[in-house]
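# Topology and contacts: notes
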Amino acid sequence: MEVIHSISNYRPQKPAILTIGTFDGIHIGHQKIIRNLIKKAEKEDLCAVVLTFFPHPRMVLQKETQLKMIDTLEEKTKLLEQLGVQVLIIQPFTPEFSRMTAIEYTRDVLVNGLCISKLIIGYDHRFGRNREATVEDLKHFGVDYNFTVEEIPAQDIESIAVSSTKVRNAITSGEIKKANQFLGRPFALNGLVVEGDKIGREMGYPTANLEIEEDYKLKPQNGVYLVQSTLDVKKYFGMMNVGKRPTVSGKKTRIETYFFDFKGNLYGKKLRIELLEKIRDEKKFDSLDGLKNQLNTDQKSCQKLIPNHL
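Residues numbered from 1 in each chain as written. Predicted model: local features only at pLDDT ≥ 70, side-chain atom pairs only at ≥ 80, totals over all residues. Heavy atoms only, no water.

## Topic: unusual backbone geometry
Most peptide bonds adopt trans geometry, and most residues besides glycine take a negative phi value. Here Phe-54 and Pro-55 are connected by a cis peptide whose omega angle stands at 0°. A positive phi angle, near 55°, is found at Asp-45, a position not held by glycine. Its place among the elements puts Asp-45 in the loop between helix 1 (28-44) and strand 3 (47-54). Despite not being glycine, Asp-261 shows a phi value in the positive range, around 65°. Looking at the element boundaries, Asp-261 is found in the loop between strand 11 (254-259) and strand 12 (270-280). Classification of Asp-261 by relative accessible area gives exposed; the value is 67%. (Helix = DSSP H or I, 4+ residues; strand = E, 2+ residues; numbered from the N terminus. Buried < 20%, exposed > 50% of the residue type's maximum accessible area, 1.4 Å probe, protein only.)

## Points about the sheet that holds strand 10 (residues 234-243)
Strand order in the closed barrel formed by six strands is 7-8-11-10-9-12, and the pairing between neighbours is antiparallel. Averaged over all pairs of adjacent strands, the angle between their axes in this sheet comes to 45°, without regard to strand direction. Here two bridges tie strand 8 (residues 208-211) to strand 11, and the two strands are oriented antiparallel to one another. If you follow Ala-208 over to strand 11, its bridge partner there is Thr-257. Seen against the sheet, helix 11 (residues 288-305) touches strand 9 (223-231), strand 10, strand 11 and strand 12 and runs at an angle of roughly 95° to strand 12. (Pairing = 2+ DSSP bridges. Axes fitted to C-alpha atoms, helices over the stretch in contact; angles between N-to-C directions. Contact = heavy atoms within 4.5 Å.)

## Looking at the side chain of Gln-299
With respect to the helices, strands and loops of the structure, Gln-299 is situated in helix 11. On the basis of relative accessibility, which here comes to 15%, the residue Gln-299 falls in the buried class. Excluding its chain neighbours within four sequence positions, the residues that come into contact with Gln-299 are Tyr-205, Met-239, Tyr-258 and Phe-260.

## Describing the pairing of strand 11
Burial analysis of strand 11 places five of its six residues in the buried class, the great majority of the element. Sheet topology note: the strand 10/strand 11 ladder contains six bridges and is antiparallel. Looking at strand 11, one finds that Asn-241 is bridged to Glu-256.

## Quick notes on helix 5 (residues 102-111)
Within helix 5, the full set of buried residues consists of Ala-102, Tyr-105, Thr-106, Val-109, Leu-110 and Val-111. Taken around the axis of helix 5, the buried residues stretch over an arc of 155°, which confines them to a single face. Buried positions along helix 5 lie against strand 2 (16-20), strand 3, helix 4 (95-98), strand 5 (116-122) and helix 6 (135-145). (Arc of directions from axis to C-beta.)

## A word on the packing of aromatic side chains
For the coordinates displayed, the defined rule picks out nine aromatic pairs. Between Phe-53 and Phe-93, the ring centres sit 5.9 Å apart and the planes meet at 80°, which makes this aromatic pair edge-to-face. Pair noted here: Phe-53 is in strand 3 and Phe-93 is in the loop between strand 4 (87-92) and helix 4, with a separation of 40 residues, a long-range link. With centroids separated by 5.7 Å and ring planes inclined at 40°, the aromatic side chains of Tyr-105 and Phe-127 adopt a geometry described as tilted. Placement of Tyr-105 in helix 5 and of Phe-127 in the loop between strand 5 and helix 6 is noted, with a sequence separation of 22 residues between them. Through a chain of ring-to-ring contacts, three or more aromatic side chains come together here, namely Phe-53, Phe-93, Phe-97, Tyr-105 and Phe-127. (Phe/Tyr/Trp six-rings, centres within 6.5 Å; stacked < 30°, edge-to-face > 60°.)

## Concerning the pairing of strand 7 (residues 188-194)
Two elements, strand 7 and strand 12, share five bridges in a ladder whose sense is antiparallel. Paired with Gly-191 across the two strands is Leu-271, which belongs to strand 12. As defined by bridge partners, strand 7 adjoins strand 8 across three bridges and the pair is classed as antiparallel. Counted as the bridge partner of Val-193 is Leu-210 from strand 8.

This is the structure in structure tokens:
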């Protein structure tokens, strides 16, 4: 997949079939749209192009927003590549870009910039300054500029009954199994393993302390989770704690994972950890012994669930 930063850097080799969106999470609804795009591109000898924006428009236009993304830009890029997209264009979203009129956007971006032959878009898509134009306007522009618009009807989208907002809400409320059903894959965290304070090691539960560079990445609800990860080409299950560790008077949220049956040093390595199920909420214990006993219970709870994920 070719990844191009900014429409101005795109040099089309042939006409494009395009879809547009923020595509946060690449959930099962997004996947259906993109598979349809790729199928039609092959059939009609067009280039399968996805246009997305970064940062998310709401982060630019609503400065007070606390919106977090299900996927980082790097995670989203990998997912789109796995689906078979030929060209991904990541357009920097700025206040200036948001002020383009509908006609400027259609003429300068879609037609002259991307050389579109066909556009696949949701029935509720709006575009242009102040989101002034609708899919019907796009269809009229298509007649003028010689491209067709395929509208994804409401019933198609509603039949899937999933949205990025629903995925986000499921993750932040601890409903990881539901979020994973919406995503069609496990929700994952990617980051660097950094040194912690080694309290887990002293209790016999050495953990990988994950540091996520992107502050806009959505974090799961605090608690303990059954997780899986590939370490040295082998899959391992483990239990992850997300929280402030109240038993040891922690102040900062940590993401710490103990992998079952793993022996090795993970410091300095990049890790992808997939969340499978939430086990319990975060608790404060009266002592480290109380915490250690709970960790033993958590491990047993996780190991009982592992056969469901093999």
